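Descriptive analysis of the structure
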Amino acid sequence: MSRPAEREISVLVPPHLAPLAPGDPGAVGPYVLIGRLGAGGTGTVFAAVDPADTDGELVAVKVVHPWPVEDPQDRARLQARLGALAGVDGRCYVPPVTFDAEAEHPWLAMPYVAGLALDGFVREHGPLGRGRLIALVAALGEALSALHGDDVAYGDLTPGNVLLSGRGPRLLDCALPGDGELLRRTAAAWTAPERLEGGDASAASDVFSWAAIAVFAASGRPPVEDEGTPASSTPWLEGLPAEMRPIVRRALSEAPRDRPTVREVLGATIAAWEAVSGSDAPPVQGTAVTQVLTREWRGIVEPDRLPRLVRLGANRRRGAGRAALVAGGSVVALALIGGGGYAAYAALNGGGTEQAENPPAPSSPPPSTEAQQGPPIVRFDPADQENPAEGPWTYTRVERRPSAPETPAATLAPDAWSEQWRPAGGDAVREAVITADTEVLCGRFCVPGPGYIEDDRGTFPLSGPEFIDYLSWGEPVIAELEFAEDGGDGPREISRIVEVYPTPAD
Ligand SMILES: Nc1ncnc2c1ncn2[C@@H]1O[C@H](COP(=O)(O)OP(=O)(O)OP(=O)(O)O)[C@@H](O)[C@H]1O
């Protein structure tokens, strides 16, 4: 019997699409995976195509991490939630189009949205101007209204979950809203106080987050100055148009009952727009939100996409299926741990500089002082970064303080962990470049979930840009660095970052 012929289709992919990692599956459900879009608290998101789709439209496939779906009740909850989300209007929200909550590794597929996440956009371009701001909050109000109309609370509204596309803002899927512990660690600034205390997601908690995002988009900073400060006591409202301030202030109320409904939020937003925009422009067809978007959503340029030939036959054979995906994280981690783990391990276990400076020979040492001393352990302190979006990134070489406990507690906060390290030999604050090719293995602080530490080193793969995004949250990271071959003058390029953190006790 002859083998079926390979088929190629041309797909437009984002320019910096990260390749699949070793061990990633080639296919999930009917979809052929092409690359990695990123990884979040609940899953890894892949760019994919459906071979049956002759147009070669790009699809985003999220494969859920194992820990949120450990038992059958979790699966049943995910199944019910995905079923509910799949029916939600997709004009301003990105619903799942297909999903399998029963699969060994549950997954969902949704339309790929070309655009920039709101947090990155504001970091790069500053706060949104008045028209675009009102269009943003109107679209988010519309997305929440569609969800609440179907009795679904979103539960995890953050600037990272909002993509700004050329046609308007879109709220991403949210298959699994985080619990209080996760939200306190990853999204405290955007989350209603009752959610941070462990309460369920509700329409009122979504309205709170909507207001937090409005404040951020208008001022470039979240409404809460310090984690744990009640948001309503320190909202920076001055960046908002005066017409929007009363509704945003109410939406940030500490008590859910004092907050407006999303319908009131939308009404107030449209009224604010009418007040600030004047009425001489010709009418536009469609709902009020469509009108705001048509008039005000200007100048968001989606990154160009590049054509790529995808061999459907070849990719399918690559796919080792779902089991391979589980193996993926640990295969990458173990391979990388082999190379340069000793310095981190020795330093962490009280070996200090002496042992760290005599590691087993790295596989291909770069000819530099740092290579002679072993991979350096460094601190990235976001407070030191002059340009946290563009870099170069500042780091300080560090060593464990002699006074630090030999077996450090594995539940330290990032600041407390950072305190246990001091600058090494007074040498230098240096600069380096993190690129899309930088491999990152995170362990505790930049992975919003448990686990991912083996032998005191992170094992969760992230891309360089995701790590940069993590640094923008403001927490220091202790990590081991490896550099790319010297590229001449200027800051060196980092090829690998491995977070250093004590392995949690069982
Ligand atoms: N439909 C989509 N189209 C384009 N990019 C997407 C899509 N869904 C997710 N992404 C991108 O994939 C990456 C990971 O997304 P994900 O939603 O898992 O991240 P997260 O918000 O950090 O995590 P979580 O929502 O699980 O807490 C992000 O960069 C996100 O912008």
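Residues numbered from 1 in each chain as written. Predicted model: local features only at pLDDT ≥ 70, side-chain atom pairs only at ≥ 80, totals over all residues. Heavy atoms only, no water.

With that out of the way, let us pick up the site of the ligand. Within the structure, the ligand sits among 17 residues, and Gly40, Thr42, Pro111, Val113 and Asn161 are positioned closest to it. Between the ligand and Thr42, the relevant distance is 2.4 Å, taken from an oxygen atom to a side-chain nitrogen or oxygen of the residue. The contact in question runs from a nitrogen atom of the ligand to an N or O atom on the backbone of Pro111, over 3.0 Å. Burial of the ligand by the protein chains amounts to 80% of its free accessible area of 610 Å². Breaking the shell around the ligand down by element, the ones donating at least two residues are β3 (31-39), β4 (43-49), β5 (59-64) and β7 (107-111). (Near = heavy atom within 4 Å. Polar contact = N/O pair within 3.5 Å; in protein donor to acceptor, adjacent residues only side chain to side chain. Areas by Shrake-Rupley, 256 points an atom, 1.4 Å probe, with all protein chains shown as cover. Helix = DSSP H or I, 4+ residues; strand = E, 2+ residues; numbered from the N terminus.)

Another point: the sheet that holds β4. On the basis of which strands lie adjacent, the open sheet formed by 6 strands has the order β2-β3-β4-β5-β7-β6 and antiparallel pairing. The strands lining the two open edges of the sheet, one partner per strand, are β2 (27-28) and β6 (98-100). Relative to β4, β3 runs antiparallel, the two sharing 6 bridges. Note on β4: the bridge partner recorded for Val32 is Val49. (Pairing = 2+ DSSP bridges.)

Turning to the pairing of strand β20 (residues 492-499), a few remarks are in order. Bridge count between strand β15 (residues 429-442) and β20: 6 bridges; the pairing is parallel. Considered in β20, the bridge of Ala432 is made with Arg492. Taken together, the 5 bridges between strand β19 (residues 477-483) and β20 define a ladder with antiparallel strand orientation. Following the sheet pairing, Phe483 is matched in β20 by Ile494.

As a further point, take the packing of helix α3 (residues 130-149) against helix α9 (residues 288-296). Two elements in contact, α3 and α9, have axes separated by 9 Å at closest approach and are oriented at 150°. Relative to α9, the element α3 lies roughly antiparallel. Of the two elements, α3 crosses α9, and the hand of that crossing is left-handed. From α3, Gly131, Arg132, Ile134, Ala135, Ala138, Ala139 and Glu142 reach across to α9, where they touch Val289, Val292, Leu293 and Glu296. (Axes fitted to C-alpha atoms, helices over the stretch in contact; angles between N-to-C directions. Parallel < 35°, antiparallel > 145°, perpendicular 65-115°, else oblique. Left-handed = near helix turned anticlockwise from the far one by under 90°. Contact = heavy atoms within 4.5 Å.)

As a further point, take the confidence of the model for the protein. Per-chain confidence: the protein averages 79 in pLDDT, with 79% of residues scoring 70 or above. Of the regions scoring below 50 in pLDDT, residues 314-372 engages in 108 contacts with residues more than four places distant in sequence or in other chains. (pLDDT = per-residue confidence, 0-100.)

What follows concerns the pattern of salt bridges. Per the counting criterion, the structure on display carries 12 salt bridges. One salt bridge in this structure joins Arg91 and Asp89, with 3.2 Å as the shortest N-O distance. Take Asp89: its relative accessible area is 34%, and that puts it in the partly exposed class. Between Arg250 and Glu264 there is a salt bridge whose closest N-O contact spans 3.3 Å. A residue pair is termed long-range when its members are at least 10 positions apart, and Arg250 in helix α7 (residues 245-251) and Glu264 in helix α8 (residues 262-277) qualify at 14 residues. In this structure Arg250 comes out as partly exposed when scored by relative accessible area, which is 36%. (Salt bridge = Lys/Arg side-chain N within 4 Å of Asp/Glu carboxyl O. Buried < 20%, exposed > 50% of the residue type's maximum accessible area, 1.4 Å probe, protein only.)

Let's shift gears to the packing of aromatic side chains. Applying the stated criterion to the full structure yields 7 aromatic pairs. Between Trp417 and Tyr501, the aromatic rings sit 5.6 Å apart at their centres with planes inclined by 75°, giving edge-to-face as the arrangement. Within this pair, whereas Trp417 is found in helix α14 (residues 414-419), its partner Tyr501 is found in the segment after β20, the two being separated by 84 residues in sequence. Accessibility classification places Trp417 together with Tyr501 in one group, the buried group. Three or more aromatic residues joined by ring pairs form one cluster here, namely Phe380, Tyr395, Phe467 and Phe483. A cation over an aromatic ring shows up here: Arg400 above the ring of Trp421, its NZ or CZ 5.6 Å from the ring centre. The positively charged end of Arg492 is found above the aromatic ring belonging to Phe483, 4.3 Å away from the centroid. (Phe/Tyr/Trp six-rings, centres within 6.5 Å; stacked < 30°, edge-to-face > 60°. Lys NZ or Arg CZ within 6 Å of the ring centre and 35° of its normal.)

Moving on to α8. Helix length check: α8 (16 residues) gives 22 Å between terminal C-alpha atoms against 22 Å at 1.5 Å per residue, within 8%. Among the residues of α8, those classed as buried are Val262, Val265, Leu266, Thr269, Ile270, Ala272 and Trp273. Taken end-on, α8 shows its buried residues confined to a sector of 155°, consistent with a single buried face. Opposite the buried face of α8, by more than 90 degrees, sit the exposed residues Arg263, Glu274 and Ala275. Elements that come into contact with the buried residues of α8 comprise α3, α6 (203-219), α7 and α9. Two residues or fewer past α8, Gly278 is found with a positive phi of approximately 75°. (Expected span 1.5 Å × (residues − 1). Arc of directions from axis to C-beta.)

This part covers the sheet that holds strand β10 (residues 168-171). Read from one edge to the other, the open sheet built from 3 strands follows the order β8-β9-β10, with strand pairing classed as antiparallel. At either margin of the open sheet sits one strand with a lone partner, and together these are β8 (116-117) and β10. As judged from the 4 bridges shared by strand β9 (residues 162-165) and β10, these two strands associate in the antiparallel manner. Within β10, the position partnered with Val162 by the bridge is Leu171. Packed onto the sheet, α3 meets β9 and β10 and runs at close to 35° relative to β10.

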